[in-house]
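Architecture at a glance
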Amino acid sequence: MNARTLVFVYGTLKRGGDNHHWISQQQFVSEARTAPAYRMYDLGGYPGMVRADEGGLSIQGEVWSVDEAGLINLDVLEDTEGGEYERVPLPLEGEWAEQTVEGYVYLRSVEGRREVGVRW
């Protein structure tokens, strides 16, 4: 059986989002929210979630079960090799608090970018 990874998505990968086709063949698990440790910014058509040392929010999104090939594709989309995003374990709330769920954190500057709150 292929290894699967739980992945939290919060922007254009969500159901109905412009990039949902990148994940649509994977398995939707449930809606979820992060621990209040992040802020989200509009990067011009897609969001970037960054760590917040203080004043963090609980970002709303979805948890997906993703196979190895799907994970490789998501890493390409999120440009992990180029340093735009990093896939890391994310602390989630509720039923997900004790489980390992990974997600993409934006690594570049958000200076001058509009903050978008908790939902994209």
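This section reports on the structure supplied with the text. (Residues numbered from 1 in each chain as written. Predicted model: local features only at pLDDT ≥ 70, side-chain atom pairs only at ≥ 80, totals over all residues. Heavy atoms only, no water.)

**Overview of the packing of aromatic side chains**
The full count for this structure, using the stated rule, is 3 aromatic pairs. Ring centres of Y85 and Y106 lie 5.2 Å apart, and the angle between their planes is 65 degrees; this geometry places the pair in the edge-to-face category. One end of the pair, Y85, is in strand β6 (residues 85-89); the other, Y106, is in strand β7 (residues 102-106), and 21 residues separate them in sequence. The lysine or arginine in question, R15, covers the ring of F28, its NZ or CZ lying 3.8 Å from the ring centre. (Phe/Tyr/Trp six-rings, centres within 6.5 Å; stacked < 30°, edge-to-face > 60°. Helix = DSSP H or I, 4+ residues; strand = E, 2+ residues; numbered from the N terminus. Lys NZ or Arg CZ within 6 Å of the ring centre and 35° of its normal.)

**A short note on the side chain of D75**
Along the chain, the position of D75 falls in helix α1 (residues 68-77). According to the relative accessible area criterion, D75 is buried, its value standing at 17%. Once you skip the residues sitting within four places of it in the chain, D75 turns out to touch T80, R87 and Y104. (Buried < 20%, exposed > 50% of the residue type's maximum accessible area, 1.4 Å probe, protein only. Contact = heavy atoms within 4.5 Å.)

**Here's the deal with the environment of S58**
Structurally, S58 can be placed in the loop between β4 (47-51) and β5 (60-67). Residues S58 and R33 lie 25 residues apart in sequence; the distance between their C-alpha atoms is 5.7 Å. Not counting chain neighbours up to four residues away, the residues in contact with S58 comprise R33, T34, A35, P36, E93 and V118. Of note is the side chain of S58, whose polar atom sits 3.1 Å from the backbone oxygen of T34. For S58, the side chain forms a polar contact with the side chain of E93, separated by 3.4 Å. (Polar contact = N/O pair within 3.5 Å; in protein donor to acceptor, adjacent residues only side chain to side chain.)

**Brief notes about the pattern of salt bridges**
In total, this model carries 9 salt bridges according to the counting rule given. Across the salt bridge formed by R15 and E62, the nearest N and O atoms sit 2.9 Å from each other. Pair noted here: R15 is in the loop between β1 (4-9) and β2 (27-33) and E62 is in strand β5, with a separation of 47 residues, a long-range link. Residue class for E62 comes out buried when judged on its relative accessible area of 5%. (Salt bridge = Lys/Arg side-chain N within 4 Å of Asp/Glu carboxyl O.)

**Things to note about the environment of G16**
Position of G16 relative to the elements: it lies in the loop between β1 and β2. Judged by relative accessible area, which is 78%, G16 ranks as exposed. Between the C-alpha atoms of G16 and V88, which are 72 residues apart in sequence, the distance is 24 Å.

**So, the sheet that holds β1**
The strand order across the open sheet formed by 5 strands is β2-β5-β1-β7-β6, and the pairing between neighbours is mixed. Whereas interior strands pair on both sides, the edge strands pair on one side only; in this sheet they are β2 and β6. Strand-to-strand, the axes of this sheet are offset by a mean angle of 35 degrees, without reference to chain direction. Sheet topology places β6 next to β7; 5 bridges connect them, and they run antiparallel. Across the sheet, E86 pairs through a bridge with V105, a residue of β7. Packed onto the sheet, α1 meets β1, β5, β6 and β7 and runs at close to 130 degrees relative to β5. (Pairing = 2+ DSSP bridges. Axes fitted to C-alpha atoms, helices over the stretch in contact; angles between N-to-C directions.)

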